[in-house]
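If you want the building blocks of each chain, they are given just below.
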Amino acid sequence: MTAEAADANLLDPIYLFMAADWVVKSVMVGLVIASVWSWTVIIDKAFRFTALNRQADEFEKSIASGRSLEDVAAQAGPEPSHALPRMLQIALSDWRETRAKGPLTDTQGNLLITRIDRALDSLIAREGQRVEEGLGVLSVVATASPFVGLFGTVWGIMNAFGRIAAAGNTNLTTVAPAIAEALFATAIGLAAAIPAYIAYNKFSIDAGKFSGRLESFADDLQAAVARRLGAGAAPVAPPPPPPASDLGYRRSV
């Protein structure tokens, strides 16, 4: 093999794969599968978070428009897919169920707020787990791929030295292709790990922000229920009595 042909083959992934040892080939195939898997998760999460935030923006605009909470909940439908309208429907359902039993005491009002708080916390926890699905794959690929690729490289270099010793030739034409085959495994490992690492950190931040958004809305719902309870429990103040001078004037008349 001439030096020119060797240099060309060093940049040919297919040649490097076909010339590698079967162990190194297995490492390369596994890393490629892991990379495809992580990119599937990355694309799915990118579209999912975009849709979730867009729907949340639209729902919050409906809340801020001044319409009643009942109208906003009715517009969302009986079984909304997004967490925010489901939280609203849970709060309104508990409110209507409790108010249907008659006037509430302070203790009953506090129990209502506590029950709503627990129901919303449970929904937020489930929603947080749902949006974080798949992040474990990115974490594993990001942390394990470089080491798996390094294993393939070490194994390939050991075989390369064996072949070089058997050939009894240590010139560049003989050494370079064998070393390139081994280092190609590390390159694939880094190519799989770097996007997975970046995506894992990005989507972890997005999941935390979305969970915080749900928690903020839950606090707003509890405050709205507390205001309704306060408005319903506040007694109607009697009109102030007329001044004494006015009373005396009316009697004289």
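Placed above this text is the structure.
Every value quoted in this text rests on a predicted model; they were computed, and no experiment measured them.

## Some remarks on the side chain of Glu 127
- Looking at the element boundaries, Glu 127 is found in helix α6 (residues 106–131).
- Glu 127 sits in the buried class, given a relative accessible area of 2%.
- Among all residues touching Glu 127, those that are not within four sequence positions of it are Ala 83, Arg 86, Phe 210 and Leu 214.

## Let's talk about the packing of aromatic side chains
- Under the defined criterion, the tally for this structure stands at three aromatic pairs.
- With 5.8 Å between their ring centres and 15° between their planes, Phe 49 and Phe 203 make a pair best called stacked. One end of the pair, Phe 49, is in helix α3 (residues 22–64); the other, Phe 203, is in helix α8 (residues 172–233), with 154 residues separating them in the sequence.
- We classify Phe 49 as buried; its relative accessible area is 4%.
- Since its relative accessible area comes to 5%, Phe 203 is described here as buried.
- For the pair Phe 151 and Trp 155, a centre-to-centre distance of 6.2 Å together with 40° between the ring planes defines the contact as tilted. Of this pair, Phe 151 and Trp 155 are both found in helix α7 (residues 135–167), four residues apart, which corresponds to roughly one turn of the helix.
- Here Phe 151 falls in the partly exposed class, since its relative accessible area comes to 45%.
- On the accessibility criterion, Trp 155 (33% relative accessible area) is partly exposed.

## Quick look at helix α4 (residues 69–76)
- Within the sequence span of α4, burial applies to Leu 69, Val 72 and Ala 73. Buried residues along α4 cover an arc of 95° about the axis, so they all sit on one side. Summarising the geometry of α4, the exposed residues directed more than 90 degrees from the buried face are Ala 74 and Gln 75.
- Phi for Gly 77, located one or two positions after α4, is positive at around 95°.

## As for the pattern of salt bridges
- Counted according to the given criterion, the structure contains seven salt bridges.
- Between Glu 60 and Arg 213 there is a salt bridge whose closest N-O contact spans 3.0 Å. Taken as a pair, Glu 60 in helix α3 and Arg 213 in helix α8 lie far apart in primary sequence, 153 residues in all.
- The exposure class assigned to Glu 60 is partly exposed, which follows from its relative accessible area of 31%.
- Arg 130 is the salt-bridge partner of Glu 127, the closest N and O atoms lying 2.4 Å from each other. With a gap of three residues between them, Glu 127 and Arg 130 both fall in helix α6, about one helical turn apart.
- Residues joined by salt bridges that share partners form a network here, namely Asp 57, Glu 60 and Arg 213.

## A closer look at a negative patch on the surface
- Together, Asp 121, Glu 215, Asp 219 and Asp 220 line one region of the surface with negative charge.
- Relative to the assigned elements, Asp 219 resides in helix α8.

## Here's the deal with the environment of Pro 78
- Tracing the backbone shows Pro 78 in the loop between α4 and α5 (83–99).
- Along the sequence, Pro 78 and Gln 89 sit eleven residues apart, while their C-alpha atoms lie 8.6 Å from each other.

## Focus: the side chain of Thr 98
- Tracing the backbone shows Thr 98 in helix α5.
- Side chain to side chain, Thr 98 and Arg 115 meet in a polar contact 2.7 Å long.
- Aside from chain neighbours lying at most four places away, what touches Thr 98 is Leu 104, Leu 112 and Arg 115.

Criteria and cut-off values
- Residues numbered from 1 in each chain as written.
- Predicted model: local features only at pLDDT ≥ 70, side-chain atom pairs only at ≥ 80, totals over all residues.
- Heavy atoms only, no water.
- Helix = DSSP H or I, 4+ residues; strand = E, 2+ residues; numbered from the N terminus.
- Buried < 20%, exposed > 50% of the residue type's maximum accessible area, 1.4 Å probe, protein only.
- Contact = heavy atoms within 4.5 Å.
- Phe/Tyr/Trp six-rings, centres within 6.5 Å; stacked < 30°, edge-to-face > 60°.
- Arc of directions from axis to C-beta.
- Salt bridge = Lys/Arg side-chain N within 4 Å of Asp/Glu carboxyl O.
- Patch = residues over 30% accessible without salt bridge, like charges linked within 9 Å, V, L, I, M, F, W, Y side chains within 5 Å.
- Areas by Shrake-Rupley, 256 points an atom, 1.4 Å probe, with all protein chains shown as cover.
- Lys, Arg positive; Asp, Glu negative; His and termini not counted.
- Charge placed at Lys NZ, Arg CZ, Asp CG, Glu CD.
- Polar contact = N/O pair within 3.5 Å; in protein donor to acceptor, adjacent residues only side chain to side chain.

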